[in-house]
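This is what each chain is made of:
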Amino acid sequence: MLWSALEKLLELPAAEFLSTMASVSQLLAELFAADKVDIFFLEPSSQTLVAAGVSDTPLGRKQKSLGLNRLQLANRGRIVQVFETGKSWHTGHQDEDPEELPGIKYGLGIRSAIAVALEVGGERRGVLECSSVQAEYFSLEDLRFLEVATRWVGVVAHRAELVEALTKSAAEQGRRAVADELITVLAHDMGNYLAPMRARLELIRRRAARTQSEDDLRDTEAALASLEGLTRLTADLLDVSRLDQGLFTLRVQPLDVMQLVAEVVAAARTPAITLQSRGPEEFVLIGDPERLRQALSNLVANAVKHSPPGGAITVEVERQNREDGSWAVVSVSDQGPGVPPHLLPRLFERFARGTGSSGLGLGLFLAQQIALAHGGTLEVHSAPGKGARFVLSVPGYRVGPVPR
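Calculation notes
- Sequence order as written defines the numbering, with residues in each chain counted from 1.
- Residue-level local features of this predicted model are given only where pLDDT is at least 70; pairs of side-chain atoms are given and counted only at 80 or more, and the full residue set underlies all totals for whole chains, interfaces and linings.
- With hydrogens and water set aside, each side-chain value is computed from the structure's full complement of heavy atoms.
- Only protein chains enter the calculation, and the probe is 1.4 Å; a residue is then buried if its accessible area is under 20% of its type maximum, exposed if over 50%, and partly exposed in between.
- Runs of H or I in DSSP of at least four residues are treated as helices and runs of E of at least two as strands, each being numbered from the N terminus.
- Here, any two strands with at least 2 DSSP bridges between them count as paired.
- For salt bridges, the criterion is a side-chain nitrogen of Lys or Arg within 4 Å of an Asp or Glu carboxyl oxygen.
- Only heavy atoms enter the contact rule, under which two residues are in contact if any of them lie within 4.5 Å.
- N or O atoms within 3.5 Å of each other form a polar contact, as long as, within protein, one can give a hydrogen and the other can take it, and as long as residues adjacent in sequence are counted only when both atoms are side-chain atoms.
- Geometry is summarised by axes, namely lines fitted to C-alpha atoms with helices restricted to the contacting stretch, and by angles between N-to-C directions that run from 0 to 180 degrees.
- Left-handed describes a crossing whose near helix is turned anticlockwise from the far helix by less than a right angle; the clockwise case is right-handed.
- Only centres within 6.5 Å qualify two rings of Phe, Tyr or Trp (six-membered ring in Trp) as a pair; their planes then separate them into stacked at under 30 degrees, edge-to-face at over 60, and tilted for everything else.
- By definition, being over a ring means that NZ of Lys or CZ of Arg is both within 6 Å of the ring centre and within 35 degrees of the ring normal.
- Think of a nonpolar core as a cluster: buried Ala, Val, Leu, Ile, Met, Phe, Trp, Tyr and Cys residues, connected wherever their side-chain atoms sit within 4.5 Å.

Peer 1: Help me understand the pairing of strand β9 (residues 284-287), please; the structure alone is not making it clear to me.
Peer 2: Within a regular strand, the side chains alternate between the two sheet faces. Judged by which residues are buried, β9 turns out to be one-sided: Leu285 and Gly287 face inward and are buried, whereas Val284 and Ile286, on the alternate face, are not. Note that strand β7 (residues 253-256) and β9 share four bridges and pair antiparallel. Bridge assignment links Pro254 to a residue of β9, and that residue is Ile286.

As structure tokens, this is what we get:
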């Protein structure tokens, strides 16, 4: 009987986790001729043991209707005790047990039960329990059988979790590939329209300047500014595609970091935010001026977006002499709400966005890739409510390939 049962367990298809656990509980209910079999797993967020698998039996259905398929650790009871101690449990008179929950004794009318702690991947994750409304229903031999079966159930659960994770990962990769392709096509198509739009707006601006039409001139300037943002977004989308295809390259030449910073700050100025820069009078390094401008513009734009009205943004350049030469360290500091702690580990991933954030989440990703392409780094220092400080470090004379 044991080997037959274990073979049946391993023959179960490891598809979706919950359906697999439901099949396991139903199989064990039939093997033990039990009124109910539960496979409880800990839900860490609520500190609750949740029955991921419940046998499709009258008692199993009644348990769900009473809400006893969720057992909070704080409410104690024998199942919680088995989970916390790891020791198996056997009783033929559960209705007389003062330590058991009233709902289980009286609501379900359970009198006999055997329960074993469930380990998955070497970690205690839950409890497997067989129940009966008859007294003295399960023997110690049944308990030993359940202990062996529970170890195999742990293997089945682990396999189901891995299959589900791989399936989700494959689906996510598929969605990402389709999304990337659509975004690239869209960016190319958008680029075909932006250049004529810019040319037409420039004509309108010159006409407004000649006729001294202040309203038309102001509206045209605003439209050009919006178009510039759209152009920058299109460039970012295409750069992501180039990174994936290994076509992201640098055109290096001597450049003045302070002049580059001054130009970026001037372009980002807004009446609502104070922007200031400081550093040495002149600092020349070897790098790609347009790519570094793109990285700094993204960092400053990010700071502006998250700064409160009346806030201040500081862009500071520092020269650092290290063992491998002179480095330019550019920090962008704001007085915004800071980066949420849960977002910090994936802040520089593509499409990473905080709650309520606008945009596609590409600016910081590309800024980091540009830093890496120069053999440098991009780091963030932030605490909730205390703003954020992004630090772009670039070596003065070394350029490396974009890491893949």
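On we go.
Peer 1: Please explain the pattern of salt bridges as it appears in this structure.
Peer 2: Side-chain pairs of opposite charge can arise whenever the charged atoms involved come near each other. Taken as a whole and judged by the stated rule, the model has 14 salt bridges. Across the pair Lys36 and Asp38 runs a salt bridge, and its minimum N-O distance is 2.3 Å. Grouping residues by exposure puts Lys36 and Asp38 together as buried. Of the charged contacts in the structure, one is a salt bridge between Arg76 and Glu84, with a shortest N-O distance of 2.6 Å. A relative accessible area of 42% places Arg76 in the partly exposed class. Classification of Glu84 as partly exposed rests on a relative accessible area of 37%. A network of salt bridges, in which partner residues are shared, links Lys36, Asp38 and Glu129.

Peer 1: I'm lost on the environment of Glu282 in this one. Help?
Peer 2: Examined against the element boundaries, Glu282 turns out to sit in the loop between β8 (274-278) and β9. Along the sequence, Glu282 and Gln259 sit 23 residues apart, while their C-alpha atoms lie 7.9 Å from each other. Setting aside its immediate chain neighbours within four residues, Glu282 contacts Asp256, Met258 and Arg319.

Peer 1: So what exactly am I meant to see when it comes to the side chain of Thr91 here?
Peer 2: In this fold, Thr91 is placed in strand β4 (residues 89-91). Owing to a relative accessible area of 11%, Thr91 belongs among the buried residues under this scheme. Among the polar contacts listed, one links the side chain of Thr91 to the backbone nitrogen of His93, at a separation of 3.2 Å. Among residues more than four places away in sequence, those in contact with Thr91 are Arg111, Ser112 and Ala113.

Peer 1: Can you help me understand the packing of helix α9 (residues 289-305) against helix α10 (residues 363-373) in this one?
Peer 2: In a pair of packed helices, the angle between the axes and the distance between the axes together describe the arrangement. Axis separation between α9 and α10 bottoms out at 9 Å; the angle between their running directions is 145°. Between α9 and α10 the crossing geometry is left-handed. Within the contact between the two elements, α9 uses Arg291, Leu292, Gln294, Ala295, Asn298, Leu299 and Asn302 and α10 uses Gly363, Leu364, Leu366, Ala367 and Ile370.

Peer 1: Which parts of the structure should I look at to understand the packing of aromatic side chains?
Peer 2: Aromatic rings in a pair are described by how distant their centres are and how their planes are angled relative to each other. This structure, assessed with the given rule, holds four aromatic pairs. Centre to centre, the rings of Phe32 and Phe138 are 6.4 Å apart; their planes meet at 75°, and the pair counts as edge-to-face. Here Phe32 is found in helix α2 (residues 17-32), whereas its partner Phe138 is found in the loop between β6 (123-132) and α6 (140-211), with 106 residues between them in sequence. The same class applies to Phe32 and to Phe138, which are both buried. In this structure an aromatic cluster arises from ring pairing among Phe32, Tyr137, Phe138 and Phe145. Taking the ring centre of Phe283 as reference, the NZ or CZ of Arg319 above it sits at 4.1 Å. Between the NZ or CZ atom of Arg322 and the centre of the ring of Trp327, over which it lies, the distance is 4.2 Å.

Peer 1: Please clarify how the nonpolar core should be interpreted in this entry.
Peer 2: Generally speaking, soluble globular proteins have nonpolar side chains that are buried together. Ranked by size, the top nonpolar core spans 37 residues in total, and within it Val257, Val261, Leu299, Leu378 and Phe390 carry the most contacts. The contacts of Val261, once residues within four sequence positions are left out, are Ser277, Leu296, Val315, Val317 and Val330. Counting 26 residues, the second largest nonpolar core, distinct from the first, contains Val24, Leu28, Leu128 and Phe138.

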